[in-house]
Structure formats: C-alpha cells, structure tokens
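Chain by chain, the residues run as shown.
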Amino acid sequence: MKKTITRRSLLAALASFSFFIPTTALSAKGRELAIFYSFSGNSKRVAEVFQKLEHCDVLEIKTLEPYNAYNAREDRKKKKLPLISPLDIDLDSFQKIVLIFPVWEYTPALPMQSFMREHSLNNEVEIISVGVARLGVDFSHYFRWLFANFRECSLIS
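Here we summarise the structure given alongside this text. Given the structure is predicted, the values throughout are model-derived calculations rather than measurements.

## Details of helix H3 (residues 69-78)
Consideration 1: Within the span of H3, buried status applies to Ala72, Glu74 and Asp75. Within H3, the buried residues cover an arc of 170 degrees as seen down the axis, which keeps them to one side.
Consideration 2: Against strand S3 (94-104) and helix H4 (110-118) lie the buried residues of H3.
Consideration 3: At the N-terminal end of H3, a side-chain oxygen is found 3.0 Å from the backbone nitrogen of Tyr70, two or three residues along, and the residue is Asn68.
Consideration 4: Downstream of H3 by a residue or two, Lys79 has a phi angle that is positive, lying close to 55 degrees.

## Let's talk about the pairing of strand S5 (residues 124-130)
Consideration 1: The buried count for S5 comes to six of seven residues, which makes it a mostly enclosed element.
Consideration 2: Bridge count between S3 and S5: seven bridges; the pairing is parallel. Among the inter-strand pairings, Phe101 is bridged to a residue of S5, identified as Ser129.

## Focus on the packing of aromatic side chains
Consideration 1: Considering all chains together, one arrives at three aromatic pairs under this definition.
Consideration 2: Between Tyr37 and Trp104 the ring centres are 6.2 Å apart and the planes differ by 85 degrees, which places this aromatic pair in the edge-to-face class. On the criterion of sequence distance, the pair formed by Tyr37 in the loop between strand S1 (31-36) and helix H2 (42-54) and Trp104 in strand S3 is long-range, its members being 67 residues apart. Each member of the pair Tyr37 and Trp104 is classed as buried.
Consideration 3: Plain terms: the ring middles of Phe39 and Trp104 are 5.5 Å apart, the flat faces sit at 85 degrees to each other, and that makes the pair edge-to-face. Separated by 65 residues along the polypeptide, Phe39 in the loop between S1 and H2 and Trp104 in strand S3 bring together distant segments of the chain.
Consideration 4: Exposure remark for Phe39: the relative accessible area of 37% places this residue in the partly exposed category.
Consideration 5: A relative accessible area of 17% means that Trp104 is categorised as buried.
Consideration 6: Clustering of aromatic rings is evident, with ring pairs tying together Tyr37, Phe39, Tyr67 and Trp104.

Cut-offs used in this document
Residues numbered from 1 in each chain as written. Predicted model: local features only at pLDDT ≥ 70, side-chain atom pairs only at ≥ 80, totals over all residues. Heavy atoms only, no water. Buried < 20%, exposed > 50% of the residue type's maximum accessible area, 1.4 Å probe, protein only. Helix = DSSP H or I, 4+ residues; strand = E, 2+ residues; numbered from the N terminus. Arc of directions from axis to C-beta. Contact = heavy atoms within 4.5 Å. Polar contact = N/O pair within 3.5 Å; in protein donor to acceptor, adjacent residues only side chain to side chain. Pairing = 2+ DSSP bridges. Phe/Tyr/Trp six-rings, centres within 6.5 Å; stacked < 30°, edge-to-face > 60°.

Right, dumping it as structure tokens:
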C-alpha cells in the first residue's frame, strides 16, 4: 500500500523542529484559521480541540508585555487596550476566521479587542466565547458590541 504525506502531517513533523515557523506555511485560500487569546489556558484548550475537529490552522494572540489580572483590571479602568505581538500572516488568505477568547465583564478579553482593533476582518467570522456565565445576567451589551464590530458573525458560547 502506497503511503502519501499530507500537508498536515508534514506541518506536524516540521513543528517539532525549533527553526520551523508555522505561520509561514499557512496560506491556502479557502482554509479556516482559528485565532485565540487565552489568559488561563481554557481558550487554548478549546482552540486545540477545535483544531483537531475542524483540521484548521491555529494562531495565538500574545501581549508584548507579560499580562496578568492586575494589568487587565488597570487597563479596563483606564479604557486602554494592551499592545499585542504583530502577526506575520495574511488574514485575507483565509476564507473563515474563528475567534476564540474569554469574556471579561461581558466583552471579549482586552488582548482580543486589541487584535480586532488592529485588523479589519473581511472574512467570514465565527466567535467562540469561553467563560462562566451566571443565570440571570444580561448579556445584551456583549451582543451589541459583537454585532457593532462585525457585519455578519455567528456566536457559539
């Protein structure tokens, strides 16, 4: 039986080498890209599961400076967004972008808001919000924020 090497298995093999930068291999039009920010690791785990289920590429948003709960609280008070590391990838080369992030005070985590402010997404956008909700909480301003920032989006929480 003839074995073939798929693009995904090649990426997996190359990823084990420290010199390999996966973002340089992510470019095929029509593909799906999951972009996530994870503060505690929960969104990262969701992104990893999503990647396995959907066979898509994944990109992590990272802040330039270490980011902790104190920084997040101070940034929110000052209405300031943290600086994030630049992405060396052409987002327009993907048909669909899936954003995975924690929800902080009914809005996306501040680093994800930084990403959304820096990048205009002309792709189909899907949102997976990760967090704990309490019964009876009014999420109307969260939904207003989402739909004000995206022309068309679907929400999975």
